[in-house]
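Examining the three-dimensional arrangement
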Amino acid sequence: MTVEILDTPIEYLKGVGPKRAEVLRKELGIGTFYDLLTYYPFRYVDRSRFYAISEINSDAAWVQIRGKVTSTQLVGKGVAMRYVVTVADGSGEIDLVYFQGIKWIKDKFSIGTELIIFGKPTLFNGRYNIPHPETETAAEFSAQPADPLHPLYNTTEKTKLIGLTGRTIAKLAKTLVMQVHGMIPETLTPEITGELRLISRDEALANIHFPSDNEILAKAEARIKFEELFFIQLRLLRFKLNRSRTVRGHRFSVVGEKFNTFYSTYLPFELTGAQKKVVREIRADMGSGKQMNRLLQGDVGSGKTVVALLSMLIALDNGFQACLMAPTEILANQHYKTISRLLDGTGITCDLLTGSTKQKQRKNMYSLLQSGELHILIGTHALIEDTVQFSNLGLVVIDEQHRFGVAQRAKLWSKSSDPPHILVMTATPIPRTLAMTLYGDLDFSVIDELPPGRKPIKTYHFYESGREKVYNFMLQQIHTGRQIYVVYPLIQESETIDMKNLEEGYQHIVDAFPPPKFKVSIVHGRMKSEEKDAEMQRFTRGETNILVATTVIEVGVDVPNASVMVIESAERFGLSQLHQLRGRVGRGADQSHCILMTGYNLGQDARTRVDTMVRTTDGFEIANVDLKLRGPGDLEGTRQSGVLDLKLADIIRDEGLLRYARNLVIKLLDEDPLLEMEKNRPLAEQLKYLGRKTSDWSLIS
Ligand code: ADP
Ligand code: MG
């Protein structure tokens, strides 16, 4: 019954009505009582304190003053017209200024009335004034004093236009809290609230809006944060548990001849300790009889490809096929080349399927796939087309998964009667806390070690004034036989300008490094894929010295002889992108260099990004900075993860709470996997309730 109250459409709240309801829904996402109740204040102002007018010396803080009206007047004309109410309190005078709603305001103030004024001063012409303050007469104020900690709510221009200011929201919240206080259902069990000494949900939701002091506010925040983190973890881990109980997986029990022969005869290097560890984890997982859903994290250059190949060989040894899916054609090509080279002589068959594969080839490939003669298929999205049918697909490896949508991954399941094992590889390190939330239902493997002999890449920052120096350095590197990338941003919205920058940049480079002595290639997204490929090939084979490119080379391209990465307009790239780009060099034994070129005016965030890149090559550290700069909402993949449902909790600041919640959920599901116990009923119900609200949450990893 109580849940239903919270589901009441917001228009039925006193003071709302259909028109405001519409705007609340559209602008602030508030459609129900529940939504308003969880529309938390962003800050609180202490209203137990009165300022003297003479004390006002900053336009940053909210102030409350008490003063008498000394004059009122209309000033200016037309759009500049404003209504000015001057008040004095013995220490000084200040103007209250109204630009809108003058019609209504005009008759409200009479000279001599004592007012309680609450607002945010601004400095204008060397004098403070308070635009559109909240006012009450002293009599009204003493009849009903203000909340000691006054909540501030975010609003938008559109809500303000119809009078839905932060103040109005506070009033509505007050009405709502008074109406539902005492009836808000508990969602946690006494066991949990007891252990953590959390206040009840009912208390928390009332006090988060109208706390009587800072202590109860802190308690309300703690309770709400915990609840947010707890239910995300419960949802993820329950889902994972459910999947492992209901979905059977192929049991890859043998590590047979193909794996062993390859390992002992064909593998061109010794695996790093981290690679060995990860292969063991994957092997154990695929041998368990359950379907593997594993995220393999490894920094750029850590050697994920060979781990993928070894995993695929285990599938083959057990009589299954495997496929590897890459986000771009260039990458798919490259994987194909690397893997077919490694498999050369083993008798294992491997082919490439992309958008540009010819029809005739395709037909042939399809029949070999269906007969099982083709063991490994590498490709792009083309792999998930309905026409591609395997004889028995046992393992799917997805490289750089953040480019694949959930729906695309789901399609892979339909490729075989039992779901294949899934190995998702990512070179974008994900901070542990984010991973627990974003990929909380996957198992993790981490390659936390680079192959031996790698020298950390040196990174420098230059402004335009340093270009000559940079060119000299490039020249010197070319003389020692090294190759160079020069990367330009190409961002959708400004594509035409970016294209022009790229072309001009290319011309510059060609002028500075003229043929026939030097050779420069160019690759960008607008080229035909054959052209692109040909240019890439020239660079890969070492026939060109410099590759001028857009971010099409961001992921996966592997040219060990390339030792310099010049990134133009580096301030326009995100941190993880910069890290990815830099990872294109440093793949051989030589010292590699990364040069960030930027404009002179760097914003604070851009400066942090550049400084971070110069300071460290540690992908996890970079990922942490990135998360702090952008917040999880901007990171890819967050939409389906529930991270965005976090209103109060912050997965960085509240890391301890997050870990606690996760461990608690693990213990809980250990005891009661299906949440069937009577004592856990509130949890099961809340999970169902939340599930209804986010019904599009996918069932696929
Ligand atoms: P990423 O993890 O970025 O996909 P790759 O799989 O492309 O990395 O590997 C990067 C480079 O390191 C490749 O040239 C690969 O041959 C090489 N490599 C991988 N593992 C080892 C190892 N254990 N020892 C030496 N070189 C390795
Ligand atoms: Mg790779």
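Residues numbered from 1 in each chain as written. Chains lettered and ligands numbered in written order. Predicted model: local features only at pLDDT ≥ 70, side-chain atom pairs only at ≥ 80, totals over all residues. Heavy atoms only, no water.

1. Let's talk about the overall build of the protein
For the record, the criterion: Strands are runs of DSSP state E lasting at least two residues, helices are runs of H or I lasting at least four, and both sets are numbered from the N terminus onward. Categorising residues by exposure relies on relative accessible area from a 1.4 Å probe, with only protein chains included: less than 20% of the type maximum marks a residue as buried, more than 50% marks it as exposed, and the intermediate range marks it as partly exposed. The criterion used for residue contact is that any of the two residues' heavy atoms lie within 4.5 Å. Throughout, the Shrake-Rupley method with a 1.4 Å probe supplies accessible areas, and for residues the shown protein chains are the sole cover considered. Here the positive residues are Lys and Arg and the negative ones are Asp and Glu; neither His nor the chain ends is included. Note that the charge is assigned to NZ on lysines, CZ on arginines, CG on aspartates and CD on glutamates.
A count of helices and strands for the protein gives 25 helices and 22 strands. For the protein, the C-alpha atoms occupy an extent of roughly 100 × 70 × 45 Å along the three principal directions. The proportion of buried residues among the 701 residues of the protein is 51%. Here the analysis covers contacts within the protein between residues at least 6 apart in sequence; of these, 74% occur between residues at least 24 apart. Of the roughly 32,400 Å² of accessible surface on the protein, a fraction of 51% belongs to carbon and sulfur atoms. Taken together, the 87 basic and 84 acidic charged side chains of the protein have centroids lying 2 Å from each other.

2. Regarding the packing of helix α21 (residues 575–582) against helix α22 (residues 604–615)
The line we're drawing: Angles run from 0 to 180 degrees between N-to-C directions of axes, and those axes are lines fitted to C-alpha atoms, restricted for helices to the stretch in contact. Less than a right angle of anticlockwise turn of the near helix away from the far helix marks a crossing as left-handed, whereas a clockwise turn marks it as right-handed. Each residue gets one label: Ala, Val, Leu, Ile, Met, Phe, Trp, Tyr, Cys and Pro are nonpolar, Asp, Glu, Lys and Arg are charged, and the others, such as Gly, are polar.
Taken N-terminus to C-terminus, the directions of α21 and α22 make an angle of 30°; their axes are 10 Å apart at the nearest point. In this structure, the crossing between α21 and α22 has a hand that is right-handed. The residues of α22 that touch α21, namely those facing Leu575, Leu578, His579 and Arg582, are Arg609, Thr612 and Met613. Class assignment of the residues belonging to the contact of α21 with α22 gives a composition of 3 nonpolar, 2 polar and 2 charged.

3. Observations concerning the pattern of salt bridges
Filter applied, for reference: Any Lys or Arg side-chain nitrogen found within 4 Å of a carboxyl oxygen on Asp or Glu counts as a salt bridge.
Applying the stated criterion across every chain, the model contains 29 salt bridges. Across the salt bridge formed by Lys225 and Asp654, the nearest N and O atoms sit 3.3 Å from each other. A residue pair is termed long-range when its members are at least 10 positions apart, and Lys225 in helix α10 (residues 214–246) and Asp654 in the loop between α23 (619–630) and α24 (655–671) qualify at 429 residues. One exposure class covers both Lys225 and Asp654, and it is buried. One salt bridge connects Arg294 with Glu281, and the closest N-O pair in it is separated by 4.0 Å. Of this pair, Arg294 sits in strand β10 (residues 293–298) while Glu281 sits in helix α12 (residues 273–286), and the two are 13 residues apart along the sequence.

4. Side note on the sheet that holds strand β8 (residues 134–137)
Let me state the cut-off plainly: Paired strands, as defined in this entry, are two strands with at least two bridges between them according to DSSP.
Reading across from one edge, β6-β7-β4-β3-β2-β5-β8 is the order of the 7 strands in this open sheet, with mixed pairing throughout. On the outer flanks of this sheet lie β6 (122–124) and β8, each paired with one strand and no other. Within the sheet, the average angular offset between the axes of one strand and its neighbour, ignoring direction, is 45°. Pairing analysis gives 6 bridges linking strand β2 (residues 63–75) to strand β5 (residues 114–119), with the strands arranged antiparallel. Counted as the bridge partner of Lys68 is Glu114 from β5.

5. Looking at the sheet that holds strand β16 (residues 443–447)
A sheet is described by the order of its strands in space; here 7 strands give the open sequence β12-β13-β11-β14-β15-β10-β16, paired in parallel fashion. Sheet topology places β12 (350–353) and β16 at the edges, where each strand pairs with a single neighbour. Adjacent strand axes in the sheet meet at a mean angle of 20° when their direction is disregarded. When strand β11 (residues 321–325) meets strand β14 (residues 393–399), the two strands line up parallel, connected through 5 bridges. Bridged to Gln321 within β14 is Leu393. Contacts between α12 and the sheet are confined to β10, β14, β15 (421–426) and β16, with β16 contributing the most and set at about 160° to the helix.

6. Brief notes about the packing of aromatic side chains
What counts here: Think of it this way: a Phe, Tyr or Trp ring, Trp meaning its six-membered ring, pairs with another when their centres are within 6.5 Å, and the plane angle makes it stacked under 30 degrees, edge-to-face over 60, tilted otherwise. When the NZ atom of lysine or the CZ atom of arginine is within 6 Å of a ring's centre and also within 35 degrees of its normal, the charge is said to sit over that ring.
This structure, assessed with the given rule, holds 14 aromatic pairs. Ring geometry for Phe230 against Phe231: centres 5.2 Å apart, planes inclined by 90°, an arrangement best described as edge-to-face. Among the aromatic residues, those joined into a ring-pair cluster are Phe226, Phe230 and Phe231. A cation over a ring is seen here: Arg47 above Phe118, with NZ or CZ 4.2 Å from the ring centre. Here the guanidinium or amino end of Arg49 rests over the ring plane of Tyr51, the centre of that ring lying 3.9 Å away.

7. Here we look at the environment of Val564
Note on placement: Val564 falls in strand β21 (residues 562–567). Taking C-alpha positions, Val564 is 11 Å from Tyr471, a pair spaced 93 residues apart along the chain. Those residues in contact with Val564 that lie beyond four places of it in its chain are Phe473, Gln477, Gln483, Ile484, Tyr485, Val585, His593 and Ile595.

8. Notes on the site of ligand 1
For the record, the criterion: When we say a residue is near a molecule or strand, we mean one of its heavy atoms is within 4 Å of it. Definition of a polar contact: a pair of N or O atoms within 3.5 Å, with one able to donate and the other able to accept a hydrogen when the atoms are protein atoms, and with sequence-neighbouring residues admitted only if both atoms are side-chain atoms.
The environment of ligand 1 is made up of 16 residues, and the closest members are Gln275, Gly301, Lys304, Thr305 and Arg454. Measuring from a nitrogen atom of ligand 1, one finds a side-chain N or O atom of Gln275 at 2.8 Å. Contact between ligand 1 and Thr305: an oxygen atom at 2.6 Å from a side-chain N or O atom of the residue. Within the shell around ligand 1, the residues separate by chemical class into 4 nonpolar, 6 polar and 6 charged.

9. Quick notes on the state of the cysteines
So the rule is basically this: The definition used for a disulfide is geometric: two cysteine sulfur atoms within 2.5 Å.
Scanning all chains against the criterion turns up 0 disulfides. The closest cysteine sulfur to the non-disulfide-bonded Cys323 is located on Cys350, 11 Å from its own sulfur. Note on Cys323: relative accessible area 1%, which makes it buried.

10. Thoughts on the nonpolar core
Considering soluble globular proteins, one finds that nonpolar side chains tend to be buried as a cluster. For clarity, the threshold we go by: The criterion is simple. A nonpolar core is a set of buried Ala, Val, Leu, Ile, Met, Phe, Trp, Tyr and Cys residues joined through side-chain atoms within 4.5 Å.
With 50 residues, the main nonpolar core has Leu188, Phe226, Phe230, Leu234, Leu353, Leu377 and Leu683 as its most contacted residues. Listed by contribution, the elements that provide at least two residues to this core are α10, β11, α15 (359–371), β14, β15, α17 (432–438), α24 and α25 (681–693). A per-element tally of this core places α10 first, with 8 residues. When near neighbours in sequence (up to four residues on either side) are disregarded, Leu683 contacts Thr187, Leu188, Thr189, Ile192, Phe230, Phe231, Leu234 and Leu668. If you look at the next biggest cluster of nonpolar residues, it comprises 41 residues, including Leu324, Leu343, Leu423 and Met425.

11. Re helix α18 (residues 467–479)
Since there are 3.6 residues in each turn of an α-helix, residues three or four apart along the chain are aligned in direction. Filter applied, for reference: By definition here, a helix of n residues has an expected span of 1.5 Å times n minus one. Directions drawn from the helix axis to the C-beta atoms are what define this arc.
The terminal C-alpha atoms of α18 lie 18 Å apart, and with 13 residues this matches the ideal 18 Å at 1.5 Å per residue to within 8%. Listed in full, the buried residues belonging to α18 are Arg467, Val470, Tyr471, Phe473, Met474, Gln477 and Ile478. One face of α18 carries all of its buried residues, which in axial projection span an arc of 160°. Turned more than 90 degrees from where α18 packs its buried face, Glu468, Lys469 and His479 sit exposed. Where α18 ends, the next residue or the one after it, Gly481, has phi of about 95°, a positive value.

12. Let's talk about the domain arrangement of the protein
Rules: Where each domain begins and ends follows an automated or database-derived domain assignment.
Taken domain by domain, the protein comprises domain 1 (1–45 + 148–185), domain 2 (48–146), domain 3 (257–286 + 303–426) and domain 4 (458–616). Of note, the centres of domain 1 and domain 3, computed from C-alpha atoms alone, are 52 Å apart.

13. Regarding unusual backbone geometry
Pro516 follows Pro515 through a cis peptide bond whose omega is 0°. Of note in this structure, His132 is not a glycine but carries a positive phi near 40°. Note that His132 resides in the loop between β7 (127–131) and β8.

14. Comments concerning the side chain of Arg662
Along the chain, Arg662 turns up in helix α24. In this structure, Arg662 is buried with no salt-bridge partner, the nearest side chain bearing the opposite charge being Asp443 at 6.8 Å. At 2.6 Å, the side chain of Arg662 forms a polar contact with the side chain of Gln233. Ignoring sequence-local partners within four residues, the contact set of Arg662 consists of Gln233, Leu237, Met436 and Gly440.

15. As for α23
The end-to-end C-alpha separation of α23 is 16 Å, in line with the 16 Å expected for 12 residues at 1.5 Å each. Every buried residue of α23 is listed here: Gly619, Ile622, Ala623, Val625, Asp626 and Leu627.

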